[in-house]
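A look at the structure
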Amino acid sequence: VQPDIFLNVAVGGILTGLVYGLMALGLSVIFGVVRVVNFAHGEMMTIAMYAAITLFSALHLDPLVMLMPIAAALFVLGYLLQAGLINAFITRPEHSQFLLLIAIAIIIVNVLLIVFGPDAQNVQVPYAFDSFQLGPLIVDATKIYAASAAVVVAAALFAFFRYTTLGTAIRACADNHTGALVVGLDVNRLYALTFGLGCACVGAAGCMLLLIFDVTPAVGPAYTLLAFVIVITGGMGSMPGALLGGVLVGLTEALAGLLFTPSAKSMFAFAILVLVLLFRPQGIMGKRLT
Amino acid sequence: MIARLTAGVPRRALALLGGLLATFMLLPIFAGDYLLTVLILILYFAYLGQAWNIMMGFAGQLSLGHALYAGLGAYTAAALYVHFGIGPWIGLLAAIPIAALAGAFVGFLAFRFRVAGVYFAILTIAVAEFARVGFDHLSWTRGSAGLFLPVAQYSHNDLWHMRGHPVMFYYILLAATALAFIACRVLLKSRIGYFWLAIREDEEAARSAGIDTFHYKMIAVIVSASMTSFAGVIYAFYYNNLFPEQVFNISHSILIILAPMVGGVGTLFGPILGAFVLEFVAEALRTVLEGFGIDLPGTNQLFFGIVLLLVVIAVPEGVWPWLARRLGLAEGKT
């Protein structure tokens, strides 16, 4: 393999990885605060992707333009789910929570299957085949746009948690649930907000990823798993860890696709997971497991 | 031995169990091909649910990747048959150790490094997915094109090669389900079983009490994986075709956990009742939808999702414990 092809593929992988990172960031935020593992994460992303496809084919709206409204819709969906269903499960055993979300995931996959059919769909944006050249480097325009959007959304989320009162309140809930109750925070509402934010992240990531990949209803579970791999690799509950894990997994997948075969790329993501669980179970940026 | 196993079980429950077994023995006489197919599915998932229950229901380790062990069992026996003409019962001698080894690998990775809860569940999915993609590229088993067993019209049932009429598979599965039921009861009433329950209820406490939790959790995974692989072998020889996309798929894993979830995790009768309820209601639903001329892929799965959702919300302990209390069949405290 020539070195410049290698470099091109690596850069493409890193850019895709940033979008993966944003997707995983949603999962990480939800887990870090609500302590619930969203087993329907990838499925929620496919909802966003199909929404973007529908808007594109009906009204020719670019997925990147529709990113905000779709993310907002996913926020509402997540908020309602947490407020209406998941909050009641916070004190239930862990496996009960998993199964609740797995049930939601199954329902989403099959409703999408019934509505949109099993075939792969995508959007043909006018700039689908554009590329930027930088010396020997040739990068797809779609990947540049998608990755830039991912960085902007992630930065906005960091800023929200760091600098706003609401973000601080949510972090307080994450650090000390009882303490947050004592000082009078409406924890259930904050949990619903957090779940909504996590879903908004994955909704935005879905719009970006649609520029790079096709979507079928069946990819939902695969993305859920990928988000888990990324979050565990980066460190559960760590926001920078999610982005770093995303880049690492994106890069690995791209190189594996180049050196072996694209259809086997997910095996390498799982290999990373096994290595991380073996040698650093708390993840690269995670705090020690308790 | 028998007295110890049945101690504390109400006489009515034993009579009911005997009656149920007798009914199942006689059913193929009356059942047509369609009903037989449904019954085979019920027994398949009842047996698998029993196997899965050992890990989750007894030892408290949530596996969401049991398709791995079924798939390994199916592929091992089928590949040996296709390539070397080795029959399924001999193939089982390879299938069980391979599945047990895979279980030991998952268990070792997880329990050695104290990977628990959600991490463990995700690890089980990841290993199963790894196997799915791996088998998609394994040319020895024909990769994603699928492995097919030679099919021919058989004049008689050849039990040794598992070639023949579905009724034969029905009785194999019935025997397997009955044996699994008894085996689980034996395990549950043994030293190992009590240690499992201790680990499930409070692992820290179990460890402080001197139980080697690593050791007993490993036993749970290995026993469960071995039992699961047998169902895989039957799957291969019953359907005569294997695709990694199907047998290793996460939805296969989910189907395996549905029956015990609906019936009652950790109960012996739960997986059987759960399989029964799910399949019968699913078939009824299909018939009704077909009556309206609706035939959409995904409706069955959608239904399973809705049932799981309702069960988790309304009867989190499962249907059987609830029903057993109502019918006065619950085990007495002795």
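Digging into the overall build of chain A
Of regular secondary structure, chain A possesses 11 helices and two strands. The N-to-C order of helical and strand elements in chain A reads α-α-α-α-β-β-α-α-α-α-α-α-α. Expected size for 290 residues packed as a compact globule is a radius of gyration near 19 Å; at 19 Å, chain A falls within 12% of this value. Seen along its three principal axes, the alpha-carbon backbone of chain A occupies a region of about 60 × 45 × 35 Å. Looking at chain A as a whole, 57% of its 290 residues are labelled buried. Between the mean site of the 10 positive side-chain charges and the mean site of the 11 negative ones, chain A shows a separation of 17 Å.

A few points about the overall build of chain B
Along chain B, the regular secondary structure elements total 15 helices and two strands. Here the C-alpha radius of gyration of chain B, 20 Å, is about what a compact globule of 334 residues would show, namely 20 Å. Considered along the principal axes of its C-alpha atoms, chain B spans approximately 55 × 45 × 40 Å. Taking all 334 residues of chain B together, 54% fall into the buried category. Within chain B, counting contacts between residues at least 6 apart in sequence, those at least 24 apart form 78% of the total. Accessible surface, chain B as shown: approximately 14300 Å² in total, 69% of it carbon and sulfur. Both charge centroids of chain B, one from 18 positive and one from 16 negative side chains, sit 11 Å from each other.

A short note on the side chain of A:Ser238
Residues and elements named next belong to chain A. Here Ser238 shows up in the loop between helix 9 (219–234) and helix 10 (239–259). Judged by relative accessible area, which is 11%, Ser238 ranks as buried. A distance of 2.9 Å separates the side chain of Ser238 from the backbone nitrogen of Gly241, its partner in a polar contact. If sequence neighbours within four positions are ignored, Ser238 has contacts with Ser28 and Met285.

Remarks on the state of the cysteines
All names here are of chain A. Under the criterion given, the structure shown has zero disulfides over all chains. Left unpaired, Cys201 is separated from the closest cysteine sulfur, that of Cys199, by 9.2 Å. For the unlinked cysteine Cys207, the closest cysteine sulfur is that of Cys201, found at 12 Å. Residue Cys207 is classed as buried on the basis of its relative accessible area of 0%.

Some points on the packing of aromatic side chains
According to the stated counting rule, one finds 30 aromatic pairs over all chains in the structure shown. The interplanar angle of 25° and the centroid separation of 6.3 Å between the aromatic rings of B:Phe58 and B:Trp196 together place this pair among those described as stacked. Taken together, the residues B:Phe58 in helix 3 (residues 33–58) and B:Trp196 in helix 8 (residues 191–201) connect sequence positions 138 residues apart. Taken individually, B:Phe58 and B:Trp196 each receive the classification buried, so the pair is uniform in this respect. An angle of 25° between the planes, with centres 5.3 Å apart, marks the rings of B:Phe111 and B:Phe120 as stacked. Side by side, B:Phe111 and B:Phe120 carry an identical accessibility label, which is buried. Through pairs of rings, three or more aromatic residues link up here, namely B:Tyr44, B:Phe45, B:Phe169, B:Tyr235, B:Tyr238 and B:Tyr239. Seen from the ring of A:Phe89, A:Arg92 lies directly overhead, with NZ or CZ sitting 4.2 Å from the centre.

Considerations on the pattern of salt bridges
All names here are of chain B. Applying the stated criterion to the full structure yields 10 salt bridges over all chains. Two residues, Arg207 and Glu204, come together in a salt bridge whose shortest N-O distance is 3.2 Å. Taken together, the residues Arg207 and Glu204, both in helix 9 (residues 203–208) and three residues apart, mark about one turn of the helix. Residue class for Arg207 comes out partly exposed when judged on its relative accessible area of 27%. Overlapping salt bridges, with partners in common, bring together Glu203, Glu204, Arg207 and Lys217 in one network.

Section: the interface of chain A and chain B
Residue-level contacts link 37 residues of chain A with 36 residues of chain B. With both chains or domains summed, chain A and chain B bury close to 3400 Å², and 85% of this area falls on carbon and sulfur atoms. Scanning the region where chain A abuts chain B turns up zero salt bridges. Viewed at the interface, chain B and chain A are joined by three residue pairs in polar contact (both at pLDDT 80 or more). At the level of elements, helix 4 (94–116), helix 9 and helix 11 (265–279) of chain A are the ones that each hand at least two residues to the side of chain A that touches chain B. The element that contributes the greatest number of residues to the side of chain A that touches chain B is helix 4 of chain A, accounting for 15 residues. Classifying every residue of the side of chain A that touches chain B by side-chain character gives 29 nonpolar, six polar and two charged.

A short note on helix 5 (residues 141–163) of chain A
Three- or four-residue spacings in an α-helix give side chains the same orientation, since the helix completes a turn every 3.6 residues. An ideal rise of 1.5 Å per residue puts 33 Å on 23 residues; helix 5 of chain A measures up with 33 Å between its terminal C-alpha atoms. Within helix 5 of chain A, the full set of buried residues consists of A:Ala141, A:Thr142, A:Lys143, A:Ala146, A:Ala147, A:Ala149, A:Ala150, A:Val153, A:Ala154, A:Leu157, A:Phe160 and A:Phe161.

Section: helix 12 (residues 250–263) of chain B
Residue and element names in this part refer to chain B. For helix 12, spanning 14 residues, the distance from its first C-alpha to its last is 21 Å, which sits close to the expected 20 Å at 1.5 Å a residue. Where helix 12 bends most, at Ile257, the angle is about 30°, and the proline Pro260 comes one to four residues later. Within helix 12, burial applies to His252, Ser253, Ile254, Ile256, Ile257, Leu258, Ala259, Pro260, Met261, Val262 and Gly263. Measuring from the side-chain oxygen of the N-cap residue of helix 12 to the backbone nitrogen of Ser251 gives 3.0 Å; that N-cap residue is Asn249. Among the residues trailing helix 12, Gly264 stands out with phi positive, at a value near 140°.

Definitions and cut-offs
- Residues numbered from 1 in each chain as written.
- Chains lettered and ligands numbered in written order.
- Predicted model: local features only at pLDDT ≥ 70, side-chain atom pairs only at ≥ 80, totals over all residues.
- Heavy atoms only, no water.
- Helix = DSSP H or I, 4+ residues; strand = E, 2+ residues; numbered from the N terminus.
- Rg over C-alpha atoms; globule rule 2.2 N^0.38 Å.
- Buried < 20%, exposed > 50% of the residue type's maximum accessible area, 1.4 Å probe, protein only.
- Lys, Arg positive; Asp, Glu negative; His and termini not counted.
- Charge placed at Lys NZ, Arg CZ, Asp CG, Glu CD.
- Contact = heavy atoms within 4.5 Å.
- Areas by Shrake-Rupley, 256 points an atom, 1.4 Å probe, with all protein chains shown as cover.
- Polar contact = N/O pair within 3.5 Å; in protein donor to acceptor, adjacent residues only side chain to side chain.
- Disulfide = S-S within 2.5 Å.
- Phe/Tyr/Trp six-rings, centres within 6.5 Å; stacked < 30°, edge-to-face > 60°.
- Lys NZ or Arg CZ within 6 Å of the ring centre and 35° of its normal.
- Salt bridge = Lys/Arg side-chain N within 4 Å of Asp/Glu carboxyl O.
- Buried area = accessible area lost by both parts, 1.4 Å probe.
- Nonpolar A, V, L, I, M, F, W, Y, C, P; charged D, E, K, R; others polar.
- Expected span 1.5 Å × (residues − 1).
- Bend = angle between axes of the 7 residues up to and from the residue.

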